[in-house]
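What follows is each chain in one-letter form.
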Amino acid sequence: MKKFSFILNNFYSIFNPMPQGNNKNIDSYLDDSIRHSLRSETSEDFMYEMMKRVEIEKEFAREDRKTDKTVKFVIGGLVAVMILIAFGLPFFFGTSDADSSYGYYNIMIDQIAGSIEYFSIFMTDNLGIAVNSKTVLVLLISGLCIFLFSKADKLFLKKSLNQN
Amino acid sequence: MKLSDSEIIYNIKKGDTSSFRIIAEELKDKAFSLTMKILRNKEEAEDCLQESFMKLFKSITGSKFEERSKLSTYFYTIVYNTAVDNYKKLKSRRFSILSIDVEGSSFEEGDDLVKNYYDTKINKSEFDDKYDLSTESKISETEIKKIINDYINSIPEQYSVILTMFYINDLSHDEIAGILKLPLGTVKNRIFRAKNKLKEIILKKYSEEEILQYV
């Protein structure tokens, strides 16, 4: 059976209400005082200096956008030129008496090789620069590397900015 | 009329830096109080705050702020993380909000809350020229304020950072727990204990009635 214990203090709150109002006032006084003690203020020129940085950042962002557009344009142009060289030129300069049983891709490769040779002769005759299939291959690989590098760089840059 | 977070963000994205100035004016002192509590050096704290504002600006213009939380809460998260990073770099030390075992410490004199606090006494002759301390009550009032100030400035960062977030940055217990990655109970406990300890120190010297004269 549960033991009943009579404690006079249990009736304290009935006969002598707890001074809640005062406690509340002390608490709010302490809250205000803590708030006051914790507060610090920046120096007077802080806003001026910061807004200067913001304006510079805005200008940088605008320049970045411009550069980005230019780079995209240049890379796009390069890729287009490469595609044109690789696939377009054979149709302009290639021979048309190819054997149809030889297969389309083999014909195309022959045409690419033929057009490179034609291009090489043209460059050597007019500009004095010797261009062969290896040179074009190196150029194509270099272009591809630049393209992949710029894409990867942007990807990593975005990731690191997101982390920040 | 006060602009909403969304309106401010929209304006900043459009290139309106005056909208950024509005939020910077509103948050700078509150955020500075937080960086000061971590770095404890005015120049370093201001540099850190500038860095934080730049991060916020870039986040908004780069559409990285997804408006999942309030702009101010997002900003205080940036401020806290930047200040902690700078603290590690500048002081070559590890900043740990967890380094004090609050649950394990006791309310006894000499616990972590008051390890740097020394009993505050007012030298009346020192203050006579500056303040009107003609009456005894004026001295008491000044002394109470000094006790609070000295206590707040002496408590470890593990408490003062949370108190600043709660009282100055107006962050909720949940938001503080989220930013500091602490359990909610620990955050509530630290605020309660820091305030209770202060109450205890003051009530040792002054009665409630005396204190209430200044409320």
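Residues numbered from 1 in each chain as written. Chains lettered and ligands numbered in written order. Predicted model: local features only at pLDDT ≥ 70, side-chain atom pairs only at ≥ 80, totals over all residues.

**Comments concerning the overall build of chain A**
- When you go through chain A residue by residue, the secondary structure sums to five helices and zero strands.
- For chain A, the α and β elements follow one another from N to C terminus as α-α-α-α-α.
- Pairs at least 24 residues apart make up 41% of the contacts formed inside chain A by residues separated by at least 6 positions. (Helix = DSSP H or I, 4+ residues; strand = E, 2+ residues; numbered from the N terminus. Contact = placed C-beta atoms within 7 Å.)

**Some remarks on the nonpolar core**
- Core analysis: the biggest nonpolar cluster contains 58 residues, and B:Leu34, B:Phe75, B:Tyr76, B:Val79 and B:Ala83 have the highest contact counts within it.
- B:Val79 has contacts with B:Ala31, B:Leu34, B:Thr35, B:Leu49 and B:Ser52, leaving out every residue within four places of it along the chain. (Core = buried A, V, L, I, M, F, W, Y, C linked by C-beta atoms within 7 Å. Buried ≥ 20, exposed ≤ 12 C-beta atoms within 10 Å, placed from the backbone.)

**Brief notes about the environment of B:Gly178**
- Inspection of the secondary structure puts B:Gly178 in helix H8 (residues 173-180).
- C-alpha separation for the pair B:Gly178 and B:Thr77, spaced 101 residues apart in sequence, amounts to 9.1 Å.

**Concerning the interface of chain A and chain B**
- Taken together, the 29 residues of chain A in the interface contact 37 residues of chain B.
- The element contributing the most residues to the side of chain A that touches chain B is helix H3 (residues 46-93) of chain A, with 11 residues.

**Thoughts on the confidence of the model for chain A**
- Scored by pLDDT, chain A has a mean of 72; 65% of the residues are at 70 or more.
- Segment residues 1-20 of chain A: pLDDT under 50, and one contact once partners within four positions in sequence are set aside and those in other chains are kept. (pLDDT = per-residue confidence, 0-100.)

**Quick word on unusual backbone geometry**
Residues and elements named next belong to chain B.
- Phi at Glu67 is positive, roughly 60°, even though this residue is not glycine.
- Relative to the helices and strands, Glu67 resides in the loop between helix H3 (42-61) and helix H4 (71-91).
- Its identity as a non-glycine residue notwithstanding, Asp170 has a phi of 55°, on the positive side.
- Along the chain, Asp170 turns up in the loop between helix H7 (157-167) and H8.

**A closer look at the packing of helix H1 (residues 5-13) of chain B against helix H2 (residues 17-39) of chain B**
Residues and elements named next belong to chain B.
- Following both chains from N to C, one finds H1 and H2 inclined at 135°, their axes separated by 7 Å at the closest point. In this view, H1 runs oblique relative to H2, as classed from their interaxial angle. Here Ile8, Asn11 and Ile12 of H1 come into contact with H2, specifically with Ser19, Phe20, Ile22 and Ile23.
- Of the residues assigned to the contact of H1 with H2, the class counts are five nonpolar, two polar and no charged. (Axes fitted to C-alpha atoms, helices over the stretch in contact; angles between N-to-C directions. Parallel < 35°, antiparallel > 145°, perpendicular 65-115°, else oblique. Nonpolar A, V, L, I, M, F, W, Y, C, P; charged D, E, K, R; others polar.)

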